[in-house]
Amino acid sequence: MGQQADGFRAGQSGLIVRVPEAEPLVRVWRDRLDPSARAGVPAHVTVLFPFLDASLIDQGVCAAIGEVLDRQCSFEARFDRCRRFPGVLYLAPQPDTHFRRLTEAIVERWPENPPFGGQFDDVVPHLTVAQGQDEAVTEKVEAALRTGLPVVAQVSMVDLLVHGGRRWDRRASFRLG
C-alpha cells in the first residue's frame, strides 16, 4: 500500500513511550498541528520508528521486545523546555539519556531498523507538539506551552503501535524492568 496523506502507510510499526502527563498541556496543539495526533498517536517520545513491518511481528518478536525492555529501568522524565528542529516544535526531556538507552537497546537487537531510517546522525529524544507551521504560529504555541512547564512523567512502559491504514493502534505494551 502506498503512502497515506499523513505520510504513514499500513503495516508500519513503531515503539513509543506514552507521556499522558503531557496531554493536558499539549493535546489542543497536537490535535491541530501534529498529523500523528490526528492519526491516533498520543503524546509520546519515540523509541524506534520505523520498526518491523506488522506482518513480521509475532509472539517471538513480542517476547524479544519484552526481554530487551525488561533489562531497562523505569525512570522519571522532566520536560521543562521547548526546542525546535527545522519545522518542528517539541518538548525536550531532561535528562534524555534514559530515552537514548531505550532506543540503543532496541536497535542493538534489531540493527536493520535504524531510528528514522538512518536519516539523522544523532537521534534526539523529543515530544513533538507542532510540525510544518509558520514562525508566528510556532511562537504562539511555544509561549503557551512555556506557561505549563515543567511536565514530569513516570516512564515504566513502551508501546508497540501499528498503522492500520488510517490510524495507529496499540498492538502491545511492555513493562520496563
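See the structure printed just above.
Residues numbered from 1 in each chain as written. Predicted model: local features only at pLDDT ≥ 70, side-chain atom pairs only at ≥ 80, totals over all residues. Heavy atoms only, no water.

Novice: Looking at this structure, how should I read the environment of Phe116?
Specialist: Mapped onto the elements of the fold, Phe116 is located in the loop between helix H4 (97–109) and strand S5 (127–131). Separated by 66 residues in the primary sequence, Phe116 and Pro50 place their C-alpha atoms 6.0 Å from one another. Setting aside its immediate chain neighbours within four residues, Phe116 contacts Thr46, Phe49, Pro50, Val123 and His126. (Helix = DSSP H or I, 4+ residues; strand = E, 2+ residues; numbered from the N terminus. Contact = heavy atoms within 4.5 Å.)

Novice: What is the right way to read the sheet that holds strand S6 (residues 151–155) from this model?
Specialist: Within a sheet, adjacent strands bond to each other through the backbone by hydrogen bonds, running parallel or antiparallel. Taking strand neighbours across the sheet as the criterion, the 4 strands line up as S5-S4-S3-S6 in an open arrangement whose pairing is antiparallel. Bordering the open sheet on either side are S5 and S6, each of which pairs with just one other strand. When the angles between neighbouring strand axes are averaged without regard to direction, this sheet yields 30°. As judged from the 7 bridges shared by strand S3 (residues 75–85) and strand S4 (residues 88–94), these two strands associate in the antiparallel manner. Each residue of the ladder has a partner; that of Arg78, found in S4, is Gln94. (Pairing = 2+ DSSP bridges. Axes fitted to C-alpha atoms, helices over the stretch in contact; angles between N-to-C directions.)

Novice: Explain the nonpolar core to me, please; I cannot follow it from the model alone.
Specialist: Nonpolar side chains in soluble globular proteins generally cluster together in the buried interior. In terms of nonpolar packing, the biggest core is built from 46 residues, with Phe51, Phe79, Ile106, Leu127 and Leu145 touching the most fellow members. Ranked by the residues each element gives to this core, the list is headed by helix H3 (residues 59–70), at 6 residues. Among residues more than four places away in sequence, those in contact with Leu145 are Leu25, Val26, Trp29, Cys82, Leu89, Leu91 and Val129. Counting residues in each nonpolar core, the second largest holds 8 residues, with Ile16, Ala39, Val41 and Phe49 among its members. (Core = buried A, V, L, I, M, F, W, Y, C linked by side-chain atoms within 4.5 Å. Buried < 20%, exposed > 50% of the residue type's maximum accessible area, 1.4 Å probe, protein only.)

Novice: I tried to follow the pattern of salt bridges on my own but got confused; where do I start?
Specialist: Oppositely charged side chains may form a pair once their charged atoms are brought near each other. Tallying each qualifying case throughout the model produces 12 salt bridges. A salt bridge links Glu142 to Arg84; the nearest nitrogen and oxygen atoms lie 2.7 Å apart. Of the two residues, Glu142 is situated in helix H5 (residues 135–146) and Arg84 in strand S3; the sequence distance between them amounts to 58 residues. Where Asp96 meets Arg100, a salt bridge forms, and the shortest distance between an N and an O atom there is 3.2 Å. (Salt bridge = Lys/Arg side-chain N within 4 Å of Asp/Glu carboxyl O.)

Novice: Help me understand the side chain of Thr138, please; the structure alone is not making it clear to me.
Specialist: By the element assignment, Thr138 lies in helix H5. If sequence neighbours within four positions are ignored, Thr138 has contacts with Arg84, Leu89 and Gln133.

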